[in-house]
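# Descriptive structure summary
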Amino acid sequence: MIDKINSEKDFPLIKIHFPLIHSTNSWAKEHIQELNPLAFTAISADEQSGGRGRFQRQWVSPKGCNIYVSYVFFLKNLGEEIGNIPQLLAVAAYETLQKVIPQVKIKWPNDLVVHEKKLGGILCEVVKTAQGWGVIVGIGININMPLEILKTIDRPATSLMVELGQSIPIKEMEEELSHHFRKILIQFFKEGFTPFLKTFKNSLIHKKDDLMKLSDFTQVHEGHFQRINADGSLTLKLHDGVLKRFVSGELL
Ligand code: BTN
């Protein structure tokens, strides 16, 4: 259970890899009690037969094309800042991807997009354990997925290969992402979200006063984008002039 982390030594990276798994997030949930409560575990796969996205959607996960990885760590208590964990992974992925594709952006709260098409997504889940909470934060990034497969996805999606016209080494990128996310997390445990706020804001595709439709799982709200708050939440100005803050949701 994470109490105090002073260095990367206190938070060792443990890797578990499967050639084929139903879902790295689901595997982590099923095996949570077997994972080291003091470590940062990365569970990856070459292929997922039942890859899951947010809102019960399928995550298309063909063999050897993409990054599929779930990071697991354990917390004693769960506070509001849990909402920042997927945002931090989005920042880590954004900074890693920027080196190969400067056009990458984040769509609030944590989608990775290029030219408004989805390049990657993040699914964060928490599980109660005997001593606290297991946090499972999974990311899928479309690296070398060909156009034929991208076209089968029911919303606009892209891959690095399609955008760049060349294939990209998957393992190297995943390795870099894992180390970068772990580093960012350690800083977050010490200093909170403040050090990441500027990068998060600058990475977003949204501009002040953009018209937005946001589903909060029960209803759709329409309004103009006002700001990202210090805690990573988003404020919309609704049509009746009321300012409404959202900590989660989906932009339609
Ligand atoms: C989204 O809907 O945007 C979230 C997609 C998350 C996909 C990743 S791939 C690795 C991990 N395992 C899963 O089944 N889902 C996540």
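Rules and cut-offs
Residues numbered from 1 in each chain as written. Predicted model: local features only at pLDDT ≥ 70, side-chain atom pairs only at ≥ 80, totals over all residues. Heavy atoms only, no water. Helix = DSSP H or I, 4+ residues; strand = E, 2+ residues; numbered from the N terminus. Buried < 20%, exposed > 50% of the residue type's maximum accessible area, 1.4 Å probe, protein only. Pairing = 2+ DSSP bridges. Salt bridge = Lys/Arg side-chain N within 4 Å of Asp/Glu carboxyl O. Near = heavy atom within 4 Å. Polar contact = N/O pair within 3.5 Å; in protein donor to acceptor, adjacent residues only side chain to side chain. Areas by Shrake-Rupley, 256 points an atom, 1.4 Å probe, with all protein chains shown as cover. Nonpolar A, V, L, I, M, F, W, Y, C, P; charged D, E, K, R; others polar. Phe/Tyr/Trp six-rings, centres within 6.5 Å; stacked < 30°, edge-to-face > 60°. Lys NZ or Arg CZ within 6 Å of the ring centre and 35° of its normal. Axes fitted to C-alpha atoms, helices over the stretch in contact; angles between N-to-C directions. Contact = heavy atoms within 4.5 Å.

We now examine unusual backbone geometry. Going from Trp108 to Pro109, the amide bond is cis rather than trans, its omega being 5°. Checked against the element boundaries, Pro109 lands in the loop between strand E4 (105-107) and strand E5 (111-114). With a phi angle near 55°, Phe55 is a residue other than glycine that sits in the positive phi range. According to the relative accessible area criterion, Phe55 is partly exposed, its value standing at 30%.

The subject of this paragraph is the pairing of strand E9 (residues 220-228). Direction of pairing for strand E8 (residues 211-215) relative to E9: antiparallel, over a ladder of five bridges. Across the sheet, Leu214 pairs through a bridge with His221, a residue of E9. Between the antiparallel neighbours E8 and E9 lie four residues, among them Phe217 with a positive phi of about 85°. Across five bridges, the pairing between E9 and strand E10 (residues 234-238) is antiparallel. Residue Ile228 lies in a different strand from E10, and its bridge partner there is Leu234. What sits between the antiparallel neighbours E9 and E10 is a turn of five residues, in which Gly232 has the positive phi angle 90°.

Right, let's get into the pattern of salt bridges. Scanning the model with the defined rule gives twelve salt bridges in all. Arg57 is the salt-bridge partner of Glu250, the closest N and O atoms lying 2.8 Å from each other. Of the two residues, Glu250 is situated in strand E12 (residues 250-251) and Arg57 in the loop between strand E2 (40-48) and strand E3 (67-75); the sequence distance between them amounts to 193 residues. When its relative accessible area of 15% is taken as the criterion, Glu250 is described as buried. Judged by relative accessible area, Arg57 falls into the partly exposed class, the value being 28%. Linked by salt bridges that have partners in common, Arg57, Asp154, Arg155 and Glu250 make up one network.

Here the focus is the site of the ligand. Around the ligand, a shell composed of 18 residues is seen, among which Ser23, Gln48, Arg52, Arg54 and Lys118 lie nearest. In the model, a nitrogen atom of the ligand is placed 3.1 Å from a nitrogen or oxygen of the Thr24 side chain. Arg52 has a polar backbone atom sitting 2.7 Å from a nitrogen atom of the ligand. Compared with its free state, where it exposes 420 Å², the ligand has 99% of that area covered by protein. When residues of the shell around the ligand are traced back to their parent elements, those giving at least two are helix H1 (24-30), E3, strand E6 (117-128) and strand E7 (133-141). Looking at which element gives the most residues to the shell around the ligand, the answer is E6, with four residues. Looking at the shell around the ligand, its residues break down into five nonpolar, nine polar and four charged.

Further remarks concern the packing of aromatic side chains. If you walk through the whole model with that rule in mind, you get eleven aromatic pairs. Summarising the aromatic geometry, the rings of Phe11 and Phe73 are spaced 6.4 Å apart at their centres and angled 75° between planes, so their arrangement reads as edge-to-face. You can see Phe11 sitting in the segment before strand E1 (13-21) and its partner Phe73 sitting in strand E3, a full 62 residues away along the chain. No difference in accessibility class separates Phe11 from Phe73, as the two residues are buried. Of the aromatic side chains, those joined through ring pairs into one cluster are Phe11, Phe40, Tyr71, Phe73, Phe181, Phe188 and Phe189. When the ring centre of Trp133 is taken as origin, the NZ or CZ atom of Lys128, which lies over that ring, is 5.1 Å away.

On to the sheet that holds E8. Taken in spatial order, the five strands line up as E11-E10-E9-E8-E12 in an open sheet, and their pairing is antiparallel. For this open sheet the edge positions go to strand E11 (243-246) and E12, each flanked by a neighbour on one side alone. The pairing of E10 with E11 spans four bridges and is classified as antiparallel. Within the sheet, the bridge partner assigned to Leu236 lies in E11 and is Lys244.

Neighbouring strands of a sheet are bound in pairs by backbone hydrogen bonds; such pairs are parallel or else antiparallel. Read from one edge of the open sheet, seven strands run E1-E2-E3-E7-E6-E5-E4, paired in mixed fashion. Of all strands in the sheet, those bounded by a partner on one side alone are E1 and E4. Sheet twist, expressed as the mean angle between neighbouring strand axes with direction ignored, is 20°. In this structure, E5 lies alongside E6, joined through three bridges in antiparallel fashion. Paired with Val113 across the two strands is Lys118, which belongs to E6. Those strands touched by helix H5 (residues 170-191) are E1, E2, E3 and E7, and its axis lies near 25° from that of E3.

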